[in-house]
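Working through the structure, step by step
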Amino acid sequence: MSDDATSAQAFAKLLAVVTELRARCPWDREQKLADTPRHLIEEAYEAADAIARGNFPDVAEELGDVMVQCLFASLILAEQSKFDIATGLRNAAEKLIRRHPHIYADTRADSVGQVLENWERIKQQERESKEPNGANSLAHVGRGLPSMMRAEKLGEKARRAGMDWANIREVLAKAREEIAEIEHALDRGDTTGAAEEIGDLMLAVANAPRFIGKDAEQTLRAACDKFVARFDEVARIAASRGLDLKAMTPSEIDALWTEAKAAIRAAAPRMKQ
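Just so you know, the residues in each chain are numbered from 1, in the order the chain's sequence is written. Given that this is a predicted model, residues contribute local features only at a pLDDT of at least 70 and side-chain atom pairs are listed and counted only at 80 or more, while totals for whole chains, interfaces and linings are drawn from all residues. Hydrogen atoms and water are omitted, and side-chain values are computed over all heavy atoms in the structure.

Before going further, it helps to examine the environment of K32. Each helix is a run of DSSP H or I of at least 4 residues and each strand a run of E of at least 2, with the numbering of both proceeding from the N terminus. Locating K32 in the fold gives a position in the loop between helix 2 (26-30) and helix 3 (36-53). To sort residues, take the accessible area from a 1.4 Å probe on protein chains only and compare it with the maximum for the residue type: under 20% means buried, over 50% means exposed, and anything in between is partly exposed. A residue is classified by how much of its surface remains accessible, and K32, at 56% relative accessible area, is exposed. As for K32 and R236, which are separated by 204 residues in sequence, their C-alpha atoms are 45 Å apart.

Next up, the structure:
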């Protein structure tokens, strides 16, 4: 049996199971379309986390869970006669074919840059056919994404339109400018203005990683993981000495934090062995 046939059988079985659960399971039956985004987002993030950790069995499992959520939402739409899975799959295939003319037509694309240029041009054409007056707007870009990812995507789109910082040094200069504006707002007692300037700072910082070939989401995720490791080490040291973090002064906690950083750094080579 070919791989295609095996995959088709597996897909058909999963669809049959999801369909039966929708019909017979009390919890599945009461779910509405509005209930599905939370589960879809959770599963997508769990898949992303498994990929980031390089745990391939977990990646396979979590991607399967993402597929379940996609099928479940599709079934609910099909019940409302707004969608059917076959049409959705055909449309997705046709979109991929349309956006890869270097594979399925006679357009040339000998580099990744050319592929992306073609992709954006075709998307723009599709958008213009749907909304002629708003095709050049960034309003549609990444609206469903978390803010960090949307900020980075907006920067990428603006760059393709010809508006962007020249390099990461300019991004850092903008960040320093925003920090000064935050401080000025705080000096005025203007917390609303300070919040707005903090947002501007976060937007700038979210775009900094792409100037050194890094991804904003993964960069922040790595920072979060590093913070967790250091916090846990601080807590471990404090507990071993009978210290209460809540009763300690900021300078005492800073000293523990420095000690924790050194301990983690010293342990790193051993952890790699």
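Okay, back to it.
Each Phe, Tyr or Trp ring (for Trp, its six-membered ring) is paired with any other whose centre lies within 6.5 Å, and the angle between the two planes then decides the class: stacked below 30 degrees, edge-to-face above 60, tilted in between. All chains considered together, the criterion is met by two aromatic pairs. Considering the side-chain rings of F227 and W257, the 5.6 Å spacing of their centres and the 40° angle between planes classify their relative orientation as tilted. Highlighted residues: F227 in helix 11 (residues 216-240) and W257 in helix 12 (residues 250-272), separated in sequence by 30 residues. An aromatic cluster of three or more residues is present, and its members are F227, F231 and W257.

Glancing now at the packing of helix 3 against helix 11. A fitted line through C-alpha atoms represents every axis, and for helices the fit uses only the stretch in contact; the resulting angles, taken between N-to-C directions, go from 0 to 180 degrees. Relative orientation of the contacting elements helix 3 and helix 11 amounts to 75°, with a least axis distance of 12 Å. Of the possible angle classes, the one that applies to helix 3 and helix 11 is roughly perpendicular. Across the interface between the two elements, Y45, D49 and A52 from helix 3 touch E217, Q218 and R221 from helix 11. Residue classes in the contact of helix 3 with helix 11 are distributed as two nonpolar, one polar and three charged. Each angle receives one of four descriptions, namely roughly parallel if under 35 degrees, roughly antiparallel if over 145, roughly perpendicular if within 65 to 115, and oblique otherwise. Contacts are residue-level and defined by heavy atoms, with any inter-residue pair within 4.5 Å sufficient. In the scheme used here, Gly and all other residues not listed as nonpolar or charged are polar, with Ala, Val, Leu, Ile, Met, Phe, Trp, Tyr, Cys and Pro taken as nonpolar and Asp, Glu, Lys and Arg as charged.

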